[in-house]
There are 2 protein chains.
Amino acid sequence: MVELSDGTVPAATVGRLPYYLRALRDLAAEGVGLTSSTELAERSGVSSAQLRKDLSYLGSFGTRGVGYDVESLASYITVALGLETEHRLAIVGIGNLGHALANYSGYATRGFQVVALLDASSDVVGTRVADVTVEHVRGVAEVIQRERVSMVVLALPGNVAQDVADAVVGAGVREILSFAPVALQVPDDVVVRSVDVGGELQILAFHAATRAAAL
Amino acid sequence: MVELSDGTVPAATVGRLPYYLRALRDLAAEGVGLTSSTELAERSGVSSAQLRKDLSYLGSFGTRGVGYDVESLASYITVALGLETEHRLAIVGIGNLGHALANYSGYATRGFQVVALLDASSDVVGTRVADVTVEHVRGVAEVIQRERVSMVVLALPGNVAQDVADAVVGAGVREILSFAPVALQVPDDVVVRSVDVGGELQILAFHAATRAAAL
DNA sequence: TCATGTGAAGGAATTCACAGCG
DNA sequence: CGCTGTGAATTCCTTCACATGA
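For the structure given in this document, a descriptive report is provided here. Counting restarts for each chain: residues are numbered from 1 in the order of the written sequence. The naming scheme follows written order: chains are lettered A onward, ligands numbered 1 onward. Given that this is a predicted model, residues contribute local features only at a pLDDT of at least 70 and side-chain atom pairs are listed and counted only at 80 or more, while totals for whole chains, interfaces and linings are drawn from all residues. Values reported for side chains reflect all heavy atoms of the structure, with hydrogen atoms and water molecules removed beforehand.

## A word on the environment of B:Glu39
All names here are of chain B. Within the fold, Glu39 resides in helix α2 (residues 37–44). Overall, Glu39 belongs to the partly exposed group, its relative accessible area being 29%. Each C-alpha atom of the pair Glu39 and Gly67 lies 9.8 Å from the other, and the pair is 28 residues apart in sequence. Not counting residues within four places of it along the chain, the set of residues in contact with Glu39 comprises Leu27, Val32 and Leu34. Counting of polar contacts relies on pairs of N or O atoms within 3.5 Å, with two restrictions inside protein: one atom must be capable of donating a hydrogen and the other of accepting it, and residues adjacent in sequence are counted only when both atoms are side-chain atoms. At 2.5 Å, the side chain of Glu39 forms a polar contact with the side chain of Thr35. Note on conventions: DSSP H or I runs of at least 4 residues are helices, E runs of at least 2 residues are strands, and numbering of each starts at the N terminus. Residue exposure (1.4 Å probe, protein chains only): buried if accessible area is under 20% of the type maximum, exposed if over 50%, otherwise partly exposed. Any two residues having at least one pair of non-hydrogen atoms within 4.5 Å are treated as being in contact.

## Considering the environment of A:Ala74
All names here are of chain A. The residue Ala74 is located in helix α4 (residues 70–80) in this model. Sequence separation of Ala74 and Leu184 is 110 residues, and the distance between their C-alpha atoms is 33 Å. Not counting residues up to four positions away in its chain, the partners in contact with Ala74 are Leu21 and Leu24.

## Remarks on the relation of the copies chain A and chain B
Under the fitted operation, chain A is carried onto chain B by 0.0 Å of movement along the axis and a turn of 180°, and the coordinates agree to an RMSD of 0.0 Å. This pairing of chains is accounted for by a two-fold axis. Of the interface residues in chain A, 100% have counterparts in chain B that sit at the interface too, so the contact is made through matching surfaces. C-alpha atoms of residues with pLDDT of at least 70 in both copies form the basis for the least-squares superposition of the copies.

## Comments concerning the pattern of salt bridges
For side chains bearing opposite charge, pairing can occur when the charged atoms are close. Think of a salt bridge as a Lys or Arg side-chain nitrogen and an Asp or Glu carboxyl oxygen that are within 4 Å of each other. In this structure the tally under the stated criterion is 16 salt bridges over all chains. Across the pair A:Glu147 and A:Arg146 runs a salt bridge, and its minimum N-O distance is 3.2 Å. Given the relative accessible area of 47%, A:Arg146 is considered partly exposed. Its salt-bridge partner being A:Glu200, residue B:Arg193 comes within 2.6 Å of it at the nearest N-O pair. Taken together, the positions of B:Arg193 in strand β9 (residues 191–194) and A:Glu200 in helix α8 (residues 197–213) put the pair across two chains. The class for A:Glu200 is buried, based on a relative accessible area of 14%. When salt bridges with common partners are traced through the structure, they connect A:Arg88, A:Glu135, A:Arg146 and A:Glu147 into a single cluster.

## Let's talk about α8(A)
Because each turn of an α-helix spans 3.6 residues, side chains separated by three or four positions end up pointing in the same direction. Residue and element names in this part refer to chain A. In this model, α8 (17 residues) spans 24 Å end to end at C-alpha, consistent with the 24 Å of a helix rising 1.5 Å per residue. All of the buried residues in α8 are Val197, Gly198, Gly199, Glu200, Leu201, Gln202, Ile203, Leu204, Ala205, Phe206 and Ala208. For α8, the N-terminal capping position is held by Asp196, with its side-chain oxygen 3.2 Å away from the main-chain nitrogen of Gly198. One less than the number of residues in a helix, times 1.5 Å, gives the span that helix is expected to have.

## Some remarks on the sheet that holds strand β3 (residues 87–92) of chain A
Two strands are said to pair when DSSP picks up at least two bridges between them. Across the sheet, 7 strands lie side by side as β5-β6-β4-β3-β7-β8-β9 (chain A); this open sheet has mixed pairing. Unpaired on one side and paired on the other, β5 (128–129) and β9 (191–194) of chain A mark the two borders of the sheet.

Here it is in C-alpha cells:
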C-alpha cells in the first residue's frame, strides 16, 4: 500500500533523493522494470539499509519479497521532490560559469526552465545566450515579477553576491543556488544551497596531504 | 601554544575549513588583524561553538580572552588543507562546463594549477583553452604521467564518467572532483567529491514543494 | 521463502555550558 | 574579566537485525 508521510523528511535523506531518482531513470532507460534495494543502493552509492530507511520517510513503495517497481517508485520520488510542477529559473552573472549553466542541457530531465538571464556588464547585457536575452541586473526585481521566477542561480563574484541575494529575496524568491564562495545571510524561510568548486578542491587537497603525511 | 593534532579530523569539519579560510582571507583583505570565534563564525555561516570545536580538532590557535590572529590562523588552515604544495589538475570534458572551469580564475587563491585539458571530440581537441592545448582523452594515462597530474576534474556526461574514472585511477590519480551525476565506483583509497547541479536544484524544488504544501 | 520496512542500537556531529588561561 | 578550548549532553544520522507480509 502506498502512503505518503507527513512533512518530516531528514535533510540528509532529501539530499540523496536525486541520486535515487537518477538511478531509477537509468534503470528505466535500460528497460529494467523491477529492482531491489540492493541494486538501487549500489547504483546510488549508498547502503541498502540506508536506501530503505530513506524511502520509509516518504512512505511504503515496495513489495516484500519482491522489490520496487522502477516506474512507480520514480514517480513517487518525482512527486516528493516537487518536480511535477515547473520551476522557473533566473541566472544572475553571465560569465564563464553563467554561460555554462544557461546552456546546461538536461536540467535534471525537465521540471526546470531558464526564463531569465541577468548581468551587470554592458558587454553581455543585450546579447542572447541559450535563446534568452541578457538583461541588466539592476532590474532584477522587475524581471522576477514579470517572468514569475521562483528560483535564482547566483553565478557571480562573492563581493556582490549578498547584494543580489538581498534584492532577489526582496522580490519574493525563496530558493537560491549560489556558486559564490560566501555565506549568504538570508531570512529563515529562504533556502540557500551553495556550490563551491574551490572549496571542493581544497577538501581534496586535504586528503592528498593526509595521505602524504601517512607515508 | 600552537599544536597540530593527529590525523583524525571529522569529515564534517574538513568540509567547513574552506569557509573559514575564505572568511579569514576576507578579514585580512579588510585589514583586520584580530578576530573572534563569534565574528569568524558569523562570516562563515556557522555557530561560534561549531567553529571552536572544529579548530580544536586541528590544534589550539587562539588566545583566551583575546581571540585569533587572522594571519596566523589562515596560515595554519592553509597548511592543514595542504595548500602550501602545488596541486596539478587535469580537466576531462571540455564542454560548456569544462570551458568555464578551465577559465575559472581564482582557483581558491592559488595552490591549484590546470596543467592539462582532455576531450573526446575532434571539435575541441587541438584547440587552446585558457593557454592549454586540449588533448584527446584516449591518451589520458600518458598525459597524467607527463604532467604529473595529481587531481582530475570530470566535466563530462554520466555515461562515460566511469570509464574515464577507471583510466584516471589506473594512472595513479587518487583525488577526483566529478560533475557527472553518477556514483563512481573507485577503490577505497581514492577520494571522489561530487558536484551535482541538477541535484541541488531538485533539493531546492523539494523545499519549494514542502513550502507550498504547508499553506 | 524472500526482500521490504522498521524499531533498536550504535555512531557521528552539533550544541551546551563552563573550566581554564591569558 | 573575556574568550578560548573542551568534556558532557543532546540531537541527528546510519547501521543492524529481524518481524512482517506479499
